[in-house]
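# Chains, contacts and geometry: an overview
Residue strings, one per chain:
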Amino acid sequence: MATGHTDPQRRARILDAALDLIAEEGIGRVSHRKIAARAGVPLGSMTYHFKGMEEVLREAFGRFTDHIVMVFDQHLAAPADPGQARQAVADLVHVLSEGDRRDLVLTQELYTLAAREPAYRDLTHEWMRRSRAHLERHFDAGTARQLDALIEGLTLHRALSREPHDRTLTLEAIDRITASGQRPR
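Structure report, in brief. (Residues numbered from 1 in each chain as written. Predicted model: local features only at pLDDT ≥ 70, side-chain atom pairs only at ≥ 80, totals over all residues. Heavy atoms only, no water.)

Right, let's talk about the pattern of salt bridges for a bit. Counted according to the given criterion, the structure contains 18 salt bridges. One salt bridge connects Arg-11 with Glu-59, and the closest N-O pair in it is separated by 2.6 Å. One end of the pair, Arg-11, is in helix α1 (residues 10–25); the other, Glu-59, is in helix α4 (residues 53–76), with 48 residues separating them in the sequence. With a relative accessible area of 27%, Glu-59 lands in the partly exposed category. Notably, a salt bridge pairs Glu-126 with Arg-129, separated by 2.5 Å at the nearest N-O pair. Taken together, the residues span about one helical turn, with Glu-126 and Arg-129 both in helix α7 (residues 118–135) at a distance of three residues. Given a relative accessible area of 34%, Glu-126 falls into the partly exposed group. For Arg-129, a relative accessible area of 43% gives the class partly exposed. (Salt bridge = Lys/Arg side-chain N within 4 Å of Asp/Glu carboxyl O. Helix = DSSP H or I, 4+ residues; strand = E, 2+ residues; numbered from the N terminus. Buried < 20%, exposed > 50% of the residue type's maximum accessible area, 1.4 Å probe, protein only.)

Here the focus is the side chain of Arg-132. Among the structural elements, Arg-132 can be located in helix α7. Buried and unpaired, Arg-132 has Asp-148 as its nearest opposite-charge partner, separated by 4.1 Å. In this structure Arg-132 touches Ala-144, Arg-145 and Asp-148, once residues within four positions along its chain are discounted. (Lys, Arg positive; Asp, Glu negative; His and termini not counted. Contact = heavy atoms within 4.5 Å.)

We now examine the packing of helix α6 (residues 101–116) against helix α8 (residues 141–160). Relative to each other, α6 and α8 sit at 125 degrees, their axes nearing to 11 Å. Comparing the axis directions of α6 and α8 gives the class oblique. Crossing of α6 against α8: the hand is left-handed. Note on element contacts: α8 touches α6 through Glu-152, Leu-156, Ala-159 and Leu-160, opposite Arg-101, Leu-104, Thr-107, Gln-108 and Tyr-111. (Axes fitted to C-alpha atoms, helices over the stretch in contact; angles between N-to-C directions. Parallel < 35°, antiparallel > 145°, perpendicular 65-115°, else oblique. Left-handed = near helix turned anticlockwise from the far one by under 90°.)

Take a look at the structure:
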C-alpha cells in the first residue's frame, strides 16, 4: 500500500469512498473505519487528511456538487438558441432521473443534511447558484431559478415514479416556464 507521500490520489479516493458508502448505507452508517476500508487506505489516513468526519462529509458533498454542476455544463454549454436550450434542459432532466441511482440518493442525503445543518445549506445554496449560472446563459434570472427547481423536482419524480412521464411532458413543463423568460440574443 502506498504512503500518502507516494499516493497523490489518496484524498480523492477517501472522498469517493465516503460518497459510495453514503449512497449505499446512508449517512448515519458511515464511519472512518468503513471509509478507509472502502478506499483501501490505512485508518490513520483519515485523520492525516481530515480533521474529522464533518470535514470528510463537507468535502465529499462538495466533490459531488462539482460533479452535478459539470453535468449541467455538459448539457447547457452548447445550445445556440432558446429552442436548443429548452431541449438541453429536457435532456438534463432525463439524464439525471434515468442515470446513476447513486447521484439521486446523494442529492437527497445532501438535502436532508442541508435542512438541518447551516454548513450544508450553504453548500446547497452555492450548488444552486452555480447551476442557475448555467441556465442564465439562456434564460433570465427568474426563469433560471424556476427551471432549476423544475429540474430538481422532475428528476426526483421521474426517478421515483412507477410510471415516469415521458419527454413530451417534460418539454411541456419547460415551455410553460420559459415562455417569457428567454435571454435576448
